[in-house]
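Below are the chains, spelled out letter by letter.
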Amino acid sequence: MQRKIKLSTILFLLCIQSIVLFGQKKDDYLFNDSHFHLTNYIQEGISVDKFLEIMGNKAGRSTLFGIPLQQQWSYQNSGNYSPTYYLQTDAPLYYYSFTDAFIAMQYKSLSKEKQARLDPMITGFNPSDMYAYKHIERVLRTFPGVFTGIGEFSIHKEFVSSKVTGEVASLTNPALDSIMDFAGKVGLVVILHNDMDMPMAKQKTEPVYLNDMRDLLKRHSKTTIIWAHIGLGRIVYPAGYGNDSTTDRPPNHVDIVENILNDPAYANVYFDISWDEVAKYIVSSPEIIKKCAELMDKYPDRFLFGTDVVAPPDQKFYMAVYEKYQPLWKALKPETSEKIRKKNYNKLFDEARKKVRAWEKANVKQ
């Protein structure tokens with residue numbers, strides 16, 4: 001009897017130890033990734049199992065999406081050279097809807113435990129098409145229990161927008177409104193890429209797409225929207241970037257973002273700081289790091305970290321953007337850093353999962 005009691009006690013202690021260790025292991029990660037592409041501009045990349053291996057104990061959870069555009073290989077343009085990126089050829093881009101089925105099947109190939117770490121997103125629609133919202137609905141009906149949001153998809157994007165075949169996407173197109181309305185109705189998180197300004201814009205001028213973007217965000221106050229890259233691009237500089245302090249005070253990017261965050265009409269709007277190009281601006285000087293950290297400390301619930309990495313070959317490559325932000329992590333209050341790297345993701349995407357699954361239960365025959 002005593003031996004049984006001792007054995008039971010040992011098993012109980014081992015159970016407690018396992019729970020503690022599991023809890024530590026579960027929380028012992030650096031970030032959640034709000035912006036990740038499994039495939040590239042020719043719909044090639046890595047498997048989802050490979051990505052989970054790369055995430056390892058560094059990333060707890062991640063979004064999962066491809067790229068909605070396919071780069072055409074035009075023999076007349078590049079001959080035998082097969083471009084893998086949109087800057088490598090003058091040939092056009094076109095919308096590639098099969099990306100959503102591919103992402104869904106990758107996700108469905110995983111165990112429930114592995115699926116819990118990922119939030120697939122729908123991207124394969126044309127935002128200038130009035131039927132685009134029907135594509136999103138069709139994907140949800142075909143793959144219930146899979147998707148959490150839509151995006152990253154683009155409206156104004158340097159070098160890309162002008163290459164897309166067909167009608168040019170616009171912030172004022174009713175087709176985009178129908179997409180945003182449907183996302184809000186279902187509870188889908190929206191990750192939207194829209195450059196705040198034109199490439200290499202003149203300084204001391206208001207960003208050309210800012211007012212239209214503000215109007216869009218305000219029209220869709222019931223939709224959770226993540227404005228990707230804080231509206232920046234490779235050569236879409238921050239408003240006020242590079243100005244001499246002796247000139248008239250130009251529009252300032254930090255002030256523009258703060259005005260949005262401070263306005264209750266935009267309570268549904270969040271910003272991700274994904275992409276190494278964005279990191280380049282934020283950590284460019286101690287003064288800018290300080291200014292950005294002060295803004296994030298003031299609004300700690302409104303920013304998310306993402307890598308914007310495309311099909312990384314290994315963990316070192318995947319971690320590069322996170323490491324580039326080290327000066328920012330050190331400048332932030334610990335609780336702000338924790339929210340941007342982890343907690344804000346959990347809050348937004350957990351809520352979206354709950355709402356989307358409820359919509360599917362009410363609208364999809366399973």
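Preceding this section is the structure that the text describes.
Quantities reported herein were computed from a predicted structural model and do not represent experimental measurements. (Residues numbered from 1 in each chain as written. Predicted model: local features only at pLDDT ≥ 70, side-chain atom pairs only at ≥ 80, totals over all residues. Heavy atoms only, no water.)

Caption draft 1: Quick look at helix 11 (residues 286–298). With 13 residues, helix 11 should cover 18 Å at 1.5 Å per step; its first-to-last C-alpha distance of 18 Å lies within 8% of that length. Buried residues of helix 11: Ile289, Cys292, Ala293, Leu295, Met296 and Asp297, and no others. Contact partners of the buried residues in helix 11: helix 9 (253–261), helix 10 (276–282), strand 11 (303–304), helix 13 (326–331) and helix 14 (334–363). (Helix = DSSP H or I, 4+ residues; strand = E, 2+ residues; numbered from the N terminus. Expected span 1.5 Å × (residues − 1). Buried < 20%, exposed > 50% of the residue type's maximum accessible area, 1.4 Å probe, protein only. Contact = heavy atoms within 4.5 Å.)

Caption draft 2: How the structure looks around the packing of helix 6 (residues 132–142) against helix 7 (residues 174–186). Here helix 6 crosses helix 7 at 30 degrees, and the two axes come no closer than 8 Å. Of the possible angle classes, the one that applies to helix 6 and helix 7 is roughly parallel. Both helix 6 and helix 7 take part in a crossing whose hand is right-handed. Seen from helix 6, the contacting residues are Ala132, Tyr133, Ile136, Glu137 and Leu140; seen from helix 7, they are Ser178, Ile179, Phe182 and Val186. Residue classes in the contact of helix 6 with helix 7 are distributed as seven nonpolar, one polar and one charged. (Axes fitted to C-alpha atoms, helices over the stretch in contact; angles between N-to-C directions. Parallel < 35°, antiparallel > 145°, perpendicular 65-115°, else oblique. Left-handed = near helix turned anticlockwise from the far one by under 90°. Nonpolar A, V, L, I, M, F, W, Y, C, P; charged D, E, K, R; others polar.)

Caption draft 3: View of the pairing of strand 3 (residues 59–64). Most of strand 3 sits out of view: six of its six residues are buried. By the bridge criterion, two bridges tie strand 1 (residues 31–33) to strand 3 in an arrangement that is parallel. Bridge pairing in strand 3 links aspartate 33 to serine 62. (Pairing = 2+ DSSP bridges.)

Caption draft 4: Spotlight on the side chain of histidine 156. If you trace the backbone, histidine 156 turns up in the loop between strand 7 (149–154) and helix 7. For histidine 156, a relative accessible area of 15% corresponds to the buried category. For histidine 156, the contacting residues outside a window of four places in its chain are Ser161, Ala169, Leu171, His193, Asn194, Asp195 and Tyr209.

Caption draft 5: Broad picture of the nonpolar core. Grouped together as the largest cluster of nonpolar side chains are 86 residues, with contacts concentrated most on Ile150, Ile273, Ile282, Phe303, Tyr318 and Tyr325. No other element matches the six residues that helix 7 contributes to this core. Ignoring any residue separated from it by four or fewer positions in sequence, one finds isoleucine 282 in contact with Ile230, Ile273, Ile288, Ile289, Cys292, Met296, Tyr325 and Leu328. Counting twelve residues, the second largest nonpolar core, distinct from the first, contains Ile191, Ile226, Leu304 and Phe349. (Core = buried A, V, L, I, M, F, W, Y, C linked by side-chain atoms within 4.5 Å.)

Caption draft 6: How the structure looks around the pattern of salt bridges. Applying the stated criterion across every chain, the model contains 16 salt bridges. Between arginine 141 and glutamate 137 there is a salt bridge, with its nearest N and O atoms 3.0 Å apart. Residue arginine 141 and its partner glutamate 137 are both found in helix 6; the two are separated by four residues, about one turn of the helix. On the accessibility criterion, arginine 141 (37% relative accessible area) is partly exposed. (Salt bridge = Lys/Arg side-chain N within 4 Å of Asp/Glu carboxyl O.)

Caption draft 7: Here's a closer look at unusual backbone geometry. Glutamate 152 follows glycine 151 through a cis peptide bond whose omega is 5 degrees. Tracing the backbone shows glutamate 152 in strand 7. The phi angle at glutamine 43 is positive, at roughly 60 degrees, despite the residue not being glycine. As for its placement among the helices and strands, glutamine 43 is situated in the loop between strand 2 (36–37) and helix 2 (48–55). By relative accessible area, which is 16% here, glutamine 43 ends up buried. The phi angle at methionine 200 is positive, at roughly 50 degrees, despite the residue not being glycine. With respect to the helices and strands, the residue methionine 200 is situated in the loop between strand 8 (189–193) and helix 8 (210–219).

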